[in-house]
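Overview (structure and organization)
Each chain, letter by letter, is given below.
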Amino acid sequence: MTTTGGAYACTVRRLPRWLIFTAIVVVLALAGLSSLAVGTARRALPQTEGRLDLAMLSGPVEVLRDAHGVPQIYADNPEDLFAAQGYVHAQDRFFEMDIRRHVTSGRLSEFFGASQVATDSYIKTMGWRRIAEQELTLLSPSTRRYLDAYASGVNGYIHDRSAGDLSLEYSLLAVQGLNYAPEPWTAADSVAWLKAMAWDLSANSSEETERALMTGLVGEELTADLFPDHRLDQIDPIVAQGSVVAGRFDADSGRGSSRTAPVGLAGLGATQLKDARDALASAGKVHNAIPPLVGSTQLGSEIGSNSWVVSGDRTDTGKPLLSNDPHLATSIPSVFTQVGLHCRTVTQACPFDVSGFSFSGLPGVVIGKNASIAWGLTTSHVDVADLYLEEVRQNTVRVAKRYVPLATRTEQISVFGEDQPRTITIRSSRHGPLLSDVDQQLGRVSAAPTPPAGSTYAVALSWTALTPGRAMDALFGMNTAQTFAEFRAAAKLLDAPSQNLIYADTDGNIGYQLPGSIPIRGAGDGLSPAPGWDPAYDWKGRIAFEELPYLYNPPSGYIVTANQPVIGLQYPYQLGSDYSYGWRSQEIIDRLEATKPLTLDAAEELFYDDTIRFAADLVPSLLKIRVADSWVAEGQRTLVGWDYSSSADSAAAAYFHVVFHNIMKLTFRDQMPPELWPSGGDRWFAVVAALLKQPNSPWWDDVNTPDRVETRDDILRAAMTGARKEATSLMSRDTEHWQWGRLHRVTLRNQTIGNSGVGLVERLFNRGDLAVGGGPAVVNAMSYDDREGYRVTSGPAMRMLVDFSDLDRSRWVNQSGASGHAFAPTYDDQLPLWAGNRMWSFASSRAAVDAATVARLELVPAG
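Residues numbered from 1 in each chain as written. Predicted model: local features only at pLDDT ≥ 70, side-chain atom pairs only at ≥ 80, totals over all residues. Heavy atoms only, no water.

When helices and strands are tallied, the protein chain shows 29 helices and 32 strands. Put simply, the protein chain has 863 residues, and 65% of those count as buried. If you take every contact in the protein chain between residues at least 6 apart in sequence, the share linking residues at least 24 apart comes to 74%. Put simply, the protein chain shows about 29100 Å² of open surface, and 50% of that area lies on carbon and sulfur atoms. (Helix = DSSP H or I, 4+ residues; strand = E, 2+ residues; numbered from the N terminus. Buried < 20%, exposed > 50% of the residue type's maximum accessible area, 1.4 Å probe, protein only. Contact = heavy atoms within 4.5 Å. Areas by Shrake-Rupley, 256 points an atom, 1.4 Å probe, with all protein chains shown as cover.)

Using the criterion set out here, one finds 43 aromatic pairs in the structure. Each ring, one from F336 and one from F359, has its centre 4.9 Å from the other, and the planes form 15 degrees; the classification is stacked. Here F336, found in the loop between β7 (321-329) and β8 (337-343), pairs with F359, found in the loop between β9 (353-358) and β10 (367-370); they are 23 residues apart in sequence, far enough to count as distant. Accessibility classification places F336 together with F359 in one group, the buried group. The structure contains a cluster of three or more aromatic residues connected by ring pairs, namely W193, F336, F357, F359, W812, W840 and F842. If you follow K369 out to its NZ or CZ, it ends over the ring of F842, 4.0 Å from the centre. Its guanidinium or amino end placed over the ring of Y74, R846 lies 4.1 Å from that ring's centre, counting from NZ or CZ. (Phe/Tyr/Trp six-rings, centres within 6.5 Å; stacked < 30°, edge-to-face > 60°. Lys NZ or Arg CZ within 6 Å of the ring centre and 35° of its normal.)

What follows concerns the sheet that holds strand β32 (residues 855-861). The strand order β1-β32-β2-β3-β8-β9-β10-β11-β18-β19-β23 describes an open sheet built from 11 strands, whose pairing is mixed. Edge positions in the sheet fall to β1 (50-54) and β23 (550-552), since each of these pairs with one other strand and no more. Each strand of the sheet is rotated relative to its neighbour by a mean of 15 degrees, with strand direction disregarded. Note: β1 against β32, 5 bridges, orientation parallel. (Pairing = 2+ DSSP bridges. Axes fitted to C-alpha atoms, helices over the stretch in contact; angles between N-to-C directions.)

Take the side chain of T464 next. Within the secondary structure, T464 is located in the loop between β17 (456-463) and α17 (471-480). When residues no more than four places from it in sequence are discounted, the contact partners of T464 are V384, S517, P519, W539 and R542.

Given 3.6 residues per turn, any residue in an α-helix points the same way as the ones three and four places further on. The end-to-end C-alpha separation of helix α23 (residues 651-668) is 26 Å, in line with the 26 Å expected for 18 residues at 1.5 Å each. Taken across its 18 residues, α23 has 15 buried, putting it largely inside the fold. At the N-terminal boundary of α23, the capping side chain belongs to S650, with an oxygen 3.4 Å from the backbone nitrogen of A652. (Expected span 1.5 Å × (residues − 1). Polar contact = N/O pair within 3.5 Å; in protein donor to acceptor, adjacent residues only side chain to side chain.)

Turning our attention to the side chain of S140. On the secondary structure map, S140 appears in the loop between α6 (128-136) and α7 (141-158). Judged by relative accessible area, which is 18%, S140 ranks as buried. Side-chain polar atoms of S140 contact the side chain of T143, separated by 3.1 Å. For S140, the side chain forms a polar contact with the side chain of D473, separated by 3.1 Å.

This part covers the nonpolar core. W308, W463, L575 and L859 are the most contacted members of the largest nonpolar core, which totals 178 residues. Look past the residues within four positions of L575 in its chain and what remains in contact with it is V382, D383, L514, I518, I543, P549, V566 and I567. The next biggest cluster of nonpolar side chains, apart from the first, holds 57 residues, and it includes A689, L692, A723 and W738. (Core = buried A, V, L, I, M, F, W, Y, C linked by side-chain atoms within 4.5 Å.)

Before going further, it helps to examine the confidence of the model for the protein chain. Per-residue confidence for the protein chain averages 91 on the pLDDT scale, and 88% of its residues sit at or above 70. Below a pLDDT of 50 lies the segment residues 1-20, which in the model reaches 73 contacts outside its immediate sequence neighbourhood of four places, other chains included. Every residue in residues 294-300 is under pLDDT 50, and counting partners more than four places away or in other chains gives 36 contacts. (pLDDT = per-residue confidence, 0-100.)

Another point: α17. With respect to burial, α17 is a largely interior element, 8 of its 10 residues being buried. Those residues of α17 that sit buried are A471, M472, D473, A474, L475, F476, M478 and N479.

As enumerated under the stated definition, the model contains 1 disulfide in all. Note on cysteine connectivity: C343 is disulfide-linked to C350, with sulfurs 2.0 Å apart. Taking the torsion about the sulfur-sulfur bond, which here is approximately -85 degrees, the covalent link between C343 and C350 counts as left-handed. The same class applies to C343 and to C350, which are both buried. (Disulfide = S-S within 2.5 Å.)

Moving on: unusual backbone geometry. Cis geometry is adopted by the peptide bond preceding P497, which originates at A496 and carries an omega value of 5 degrees. Tracing the backbone shows P497 in the loop between α18 (484-491) and β18 (499-505). The phi dihedral of A777 falls on the positive side, at around 60 degrees, and the residue is not glycine. Turning to its location among the elements, A777 is positioned in the loop between β26 (767-771) and β27 (783-784). You can call A777 buried: its relative accessible area is 6%.

Let us now look at the packing of helix α22 (residues 630-637) against helix α25 (residues 712-730). One way to put it is that α22 packs onto α25 with a least axis distance of 9 Å and a crossing angle of 85 degrees. Considering their axes alone, α22 and α25 lie roughly perpendicular with respect to each other. Across the interface between the two elements, W631, V632, E634, G635 and Q636 of α22 pack against M720, T721, R724, K725 and T728 of α25. Residues of the contact of α22 with α25, tallied by class, amount to 3 nonpolar, 4 polar and 3 charged. (Parallel < 35°, antiparallel > 145°, perpendicular 65-115°, else oblique. Nonpolar A, V, L, I, M, F, W, Y, C, P; charged D, E, K, R; others polar.)

With that settled, the discussion passes to the pattern of salt bridges. Once their charged atoms are close, side chains differing in charge can pair, the charge on each being opposite to the other. In total, this model carries 48 salt bridges according to the counting rule given. Each member of the salt-bridge network shares a partner with another, and the members are E62, D76, R344, R846, D850 and R856. (Salt bridge = Lys/Arg side-chain N within 4 Å of Asp/Glu carboxyl O.)

Quick look at the packing of α23 against α25 now. Put simply, α23 and α25 touch, their axes get as near as 8 Å, and they point 125 degrees apart. Taken as axis vectors, α23 and α25 run oblique relative to one another. Along this stretch, α23 crosses α25, giving a crossing that reads as right-handed. Together, Y655, V658, V659, H661, N662, I663, L666 and T667 of α23 and I715, L716, A718, A719, M720, G722, A723, R724, E726 and A727 of α25 make up the contact between the two elements. Among the residues making up the contact of α23 with α25, the classes are represented as 12 nonpolar, 4 polar and 2 charged. (Left-handed = near helix turned anticlockwise from the far one by under 90°.)

Quick look at the environment of S556 now. The topology assignment puts S556 in the loop between β23 and β24 (558-561). Each C-alpha atom, one on S556 and one on E593, is 9.3 Å from the other, the two residues being 37 residues apart in sequence.

Mapped onto the fold, S105 is located in the loop between α3 (78-104) and α4 (109-112). A relative accessible area of 12% places S105 in the buried class. Each C-alpha atom of the pair S105 and I123 lies 7.0 Å from the other, and the pair is 18 residues apart in sequence. Leave out the neighbours within four places in its chain, and S105 touches I123, K124 and R129.

Glancing now at the environment of N704. By the element assignment, N704 lies in the loop between α24 (682-691) and α25. Each C-alpha atom of the pair N704 and Q671 lies 9.2 Å from the other, and the pair is 33 residues apart in sequence.

Shown next as structure tokens:
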């Protein structure tokens, strides 16, 4: 089954066994499915009041929950604090945690059968779990204690419960014959999730694959049109100036440009890339095979986030405001879960007093605030992954003029419904694992043409996250940091994923840091696969942390990170190329510049800005087109006087998005295979904006009409005609009844069972069919996949606004709710707030937490 909703859903494909499941469901429905499901689900609902004796604790712990079910945990030492967090995470979301560890260890087939073998094969080939186990040996003693304490809390909850007592999903899987008892949780299960984060938020190999495949199809010149330059004369990078001076980043340096922009040539010509098309396509399938764990890595898709921080000089209170909303795949339960972790007395031995958003399965807080600082993050889009085209001869690989052995190992994949595990052979060059082997082992792709006799092409992945690091140390360091210096010291340990980190503190300081293990390349620029046999294209090292860009109290009084370029060409190292084109970042900057002093309410309104800046490029061109058909002209007239707002009730926004879909279809699909069709959004807005200035570009021509050469105006006219027909079919013949929200709707889908294809079952787990505004490449980034329709596939996974004039005045909202149990009242209680552009109080002081508490659970040492 292929879907675009919720995390993991894209690879839980429909199997013939679902036909059996459907029959079972029909029988159950006749017997009263709802009653059975409710009764079974209520068995799994956790105890949230009273007292529990837990063997892993050394002292008493309090778990206070508010009306939204968010736990605030109080303990006297870190080990008890994180043991309680593990216990509470398991109470609320163990099935999600269990699925996550099966994903990261390449074991989804144990749950869902043969449809997941490709997913498991790719992940085992990269070795996420193996790397996590190696990372455990690098972590500080305190981090190891915290991870082990967290695991003990998880195990304390699950050890005496059946799978069905943990979550309803297990009961439904049992109906299909799955006999399953969860294994104990381990520290490696938690650390492996960091590899999933790094894959979704850092790896750009999907763009490399897309660029290489298109170059093989249409050549370098036309492919370049699909990856426009970032116009730094029109958009502001995160860091406006600065360079590396004497081995350190100097934000005040005015050094001139020292490098040229990347162009995407890596020593492989179009002919070689065409010859290697099968190997590249095989390697590229990893992006569709691996589920969108926190974002989406499918070919052509994009993720992003907004964050900004404003100093007190620009606010009405004289104190900073900090905002963050990561844009990730929509799902229920939401990617994040909310939590507060509090040492009753904050000391060096027990330094935690932190609240915010965490991942189930991972101790600590990923985005949030403590009593002194707050931080947020957005994807930096630095390029930390390269593909290498390897020349392979049997089990050897070419290096310069000789062939050396490939490293090989075997892995087993246990498959539900099969008696014996499958064995895969994993081969690696000096650059990394051969991703292209996976697809060939599955028997779906033939070997690539071989330039030298007796050799074949393979594609290896070189990715910094496959080197063990200390990201878990970084997370705990950020949780306890009290100053910008301490925050930077923690960020130095965040090797993967590289993220834009924003910062503010109670002393009024604001800051930014780019962390990460970022390669220094030799020849080539990382934009397309490099010749693996040529050592000139090998990485030469990593950029030193001291040389990475940062800001501290910039003169502007604000910092905006919305996936735009980090810094200009004066910076000596290439960081990345697949940034946003500034549609969101410039809108935020313009709003901040125009709003002074900034109030808390005005700051919240920024989340909901739905201006389509790209419309200023496209709409004037559309209105210049002469349309003879009066019926088509009615649609065109909805754009007259439009303010470019994509509110849910806007007729113009509805027509605009349908027109753009038709432009995508008419302009590009005739020259691309279906797997490379444009997904729309940020980059494709920039592509079309540039092509509008080239009315005779070959892209406008329809190659299926050899006797005619179409131009820009022909395609725009045809797109408006097609859009009029489509909008009429989807909404109404009368343009007065057109509304963007009739097309642009959001349903949160459960990660696995909610994509079963069985309507009755999906209704148990999925929530919402809500009209929403926003869209791709706008601040309110309710994005859709142009290849699939207009329903929301990704959006703000949460929203957080921290007010340093009074931290208890801060606001937050999650996408769904705190609970992962389908019949819990807090499963989806935040969805109406999130979809309706509302937030609620993000209190963190003990007094404010006590005032909001509706359920109190005491956890005490057993005996």
